[in-house]
Amino acid sequence: MNKNDQISATEEFVKQNMKGYDSGHDWWHIKRVRKLALYINEREDLADPFIVEIAALLHDTADSKFAGENGENSYKLISDFMDKYGMSEISDHVIKVIKKISFSNKNKSEIQDDPLLWVIQDADRLDAIGAIGIARAFNYGGFRNNKIYNPEIVSLKETSGGNINVGTSSTINHFYEKLLLLKYRMNTMTAKRLAEERHEFLELFLKQFYSEWYFCN
Ligand code: ADP
Ligand code: NI
């Protein structure tokens, strides 16, 4: 089986596995992350483009927010899939990277010394900021039944471990707990550059949001 066939098979596998996810984690998110990861990697030359593409495609397949208790089971599914399609050689590495992506909120202090992880993580983080990041945040907040904004709830900031599952917080708070911090967390120079404009747009959005909110409250 050649690489193109392996990529097509992975696309199909991912589409099948992400059916129950919210629209911020849909196939379009995967496509954007793939494109961003390949773009970053092309400029930084950090990993083999094939493994970058496969890891980007699979990066949310076992996401703990959706897979829940079945997390380990999802990794097994991925590993079986990769064996079946002749990708055993790269499967351990890919799974290690996507595990770290899923738990990146929890293991902040862990040293990340894998260039493949840098690329995929940067791509995933870029898609969480800018106009699309804002759309995804409000979509996810709606999915979790969170408030758009509640001035009475103080931002949970980083002290909570940036726990994304806190249902009582608001989506505006999520900007302070996570989105506004991402540009400082980019691993590569290319992603740092791409993050600038997206970050500025978050700030512009917040300014306009408060001006409309406090005009009426
Ligand atoms: P990552 O992309 O780093 O894995 P997540 O999977 O935690 O991050 O989040 C995916 C998307 O959902 C991002 O766009 C993120 O901003 C958004 N999101 C996560 N938690 C929340 C929340 N509590 N409120 C609003 N949006 C959220
Ligand atoms: Ni993602």
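Structural notes on the nonpolar core
By size, the foremost hydrophobic cluster in this structure holds 55 residues, and its most contacted members are Ile54, Leu58, Ile78, Met82, Ile120 and Leu126. When sequence neighbours within four positions are dropped, the list of residues in contact with Ile120 reads Ala37, Val52, Ala55, Ala56, His59, Val97 and Ile101.

A few points about the coordination of the nickel ion (ligand 2)
At 2.1 to 2.3 Å from the nickel ion (ligand 2) lie its protein donor atoms, namely His29 (NE2), His59 (NE2), Asp60 (OD) and Asp124 (OD). Each of the 4 donor atoms bound to the nickel ion (ligand 2) contributes to angles spanning 87 to 175°, and the resulting shape is irregular.

Notes on the pattern of salt bridges
Summed over all chains, the structure comprises 6 salt bridges. Residue Lys183 is joined to Glu196 by a salt bridge in which the shortest nitrogen-to-oxygen separation is 3.5 Å. Of this pair, Lys183 sits in the loop between α9 (171-177) and α10 (189-216) while Glu196 sits in helix α10, and the two are 13 residues apart along the sequence. Residue Glu196 is classed as partly exposed on the basis of its relative accessible area, which comes to 36%. The structure contains a network of salt bridges with shared partners spanning Glu11, Arg34 and Glu53.

As for the packing of helix α1 (residues 3-17) against helix α3 (residues 49-58)
Contact geometry for α1 and α3: axes closest at 9 Å, N-to-C directions at 10°. When the axis of α1 is compared with that of α3, the two are roughly parallel. Packed against α1, whose contacting residues are Lys3, Gln6, Ile7, Thr10, Glu11, Phe13 and Val14, the element α3 presents Phe50, Glu53, Ile54, Leu57 and Leu58 at the interface. Here the residues of the contact of α1 with α3 sort into 7 nonpolar, 2 polar and 3 charged.

A look at the environment of Arg34
Relative to the assigned elements, Arg34 resides in helix α2 (residues 27-44). Look at Arg34 and you get buried, because its relative accessible area is 13%. For the pair formed by Arg34 and Ala55, sequence separation is 21 residues and the distance between their alpha carbons is 8.4 Å. Contacts of Arg34, omitting those with residues within four sequence positions, involve Ile7, Glu11, Trp27, Glu53, Ala56 and Leu57.

Describing α3
Extensive coverage of α3 is indicated by the burial of 9 of its 10 residues. Those residues of α3 lying buried are Phe50, Ile51, Val52, Glu53, Ile54, Ala55, Ala56, Leu57 and Leu58.

Quick notes on the side chain of Thr61
Here Thr61 shows up in the loop between α3 and α4 (64-67). When its relative accessible area of 4% is taken as the criterion, Thr61 is described as buried. At a separation of 2.9 Å, a polar atom in the side chain of Thr61 contacts the main-chain carbonyl oxygen of Leu58.

Describing unusual backbone geometry
The residue Asp45 is not glycine, and still its phi comes out positive at about 50°. Inspection of the secondary structure assignment puts Asp45 in the loop between α2 and α3. Positive phi values are uncommon outside glycine, yet Asn145 reaches one of about 65°. Looking at the element boundaries, Asn145 is found in the loop between α8 (130-143) and α9.

Some words on the environment of Ile7
Among the structural elements, Ile7 can be located in helix α1. Separated by 43 residues in the primary sequence, Ile7 and Phe50 have C-alpha atoms spaced 8.5 Å apart. Those residues within four positions of Ile7 in sequence are excluded, and the remaining contacts are Arg34, Phe50, Glu53, Ile54 and Leu57.

Some words on the environment of Val94
Along the chain, the position of Val94 falls in helix α6 (residues 88-102). Along the primary structure Val94 and Ser79 are separated by 15 residues, whereas in three dimensions their C-alpha atoms are 9.2 Å apart.

Some points on α2
Between its first and last C-alpha, α2 extends 25 Å over 18 residues, near the 26 Å set by a 1.5 Å rise per residue. If you check which residues of α2 are buried, you get Trp27, His29, Ile30, Val33, Arg34, Leu36, Ala37, Ile40 and Asn41. Buried residues along α2 sit against α1, α3, α7 (115-126), α8 and α10. Among the residues of α2, the N-terminal cap falls to Asp26, whose side-chain oxygen and the backbone nitrogen of Trp28 are separated by 3.1 Å. Backbone geometry just downstream of α2 places Asp45 in the positive-phi region, at approximately 50°.

Criteria and cut-off values
- Residues numbered from 1 in each chain as written.
- Chains lettered and ligands numbered in written order.
- Predicted model: local features only at pLDDT ≥ 70, side-chain atom pairs only at ≥ 80, totals over all residues.
- Heavy atoms only, no water.
- Core = buried A, V, L, I, M, F, W, Y, C linked by side-chain atoms within 4.5 Å.
- Buried < 20%, exposed > 50% of the residue type's maximum accessible area, 1.4 Å probe, protein only.
- Contact = heavy atoms within 4.5 Å.
- Donors = N, O, S within 2.8 Å, 3.2 Å for Na, K, Ca; no water.
- Tetrahedral: all angles 85-135°; square planar, octahedral: opposite > 155°, others 65-115°.
- Salt bridge = Lys/Arg side-chain N within 4 Å of Asp/Glu carboxyl O.
- Helix = DSSP H or I, 4+ residues; strand = E, 2+ residues; numbered from the N terminus.
- Axes fitted to C-alpha atoms, helices over the stretch in contact; angles between N-to-C directions.
- Parallel < 35°, antiparallel > 145°, perpendicular 65-115°, else oblique.
- Nonpolar A, V, L, I, M, F, W, Y, C, P; charged D, E, K, R; others polar.
- Polar contact = N/O pair within 3.5 Å; in protein donor to acceptor, adjacent residues only side chain to side chain.
- Expected span 1.5 Å × (residues − 1).

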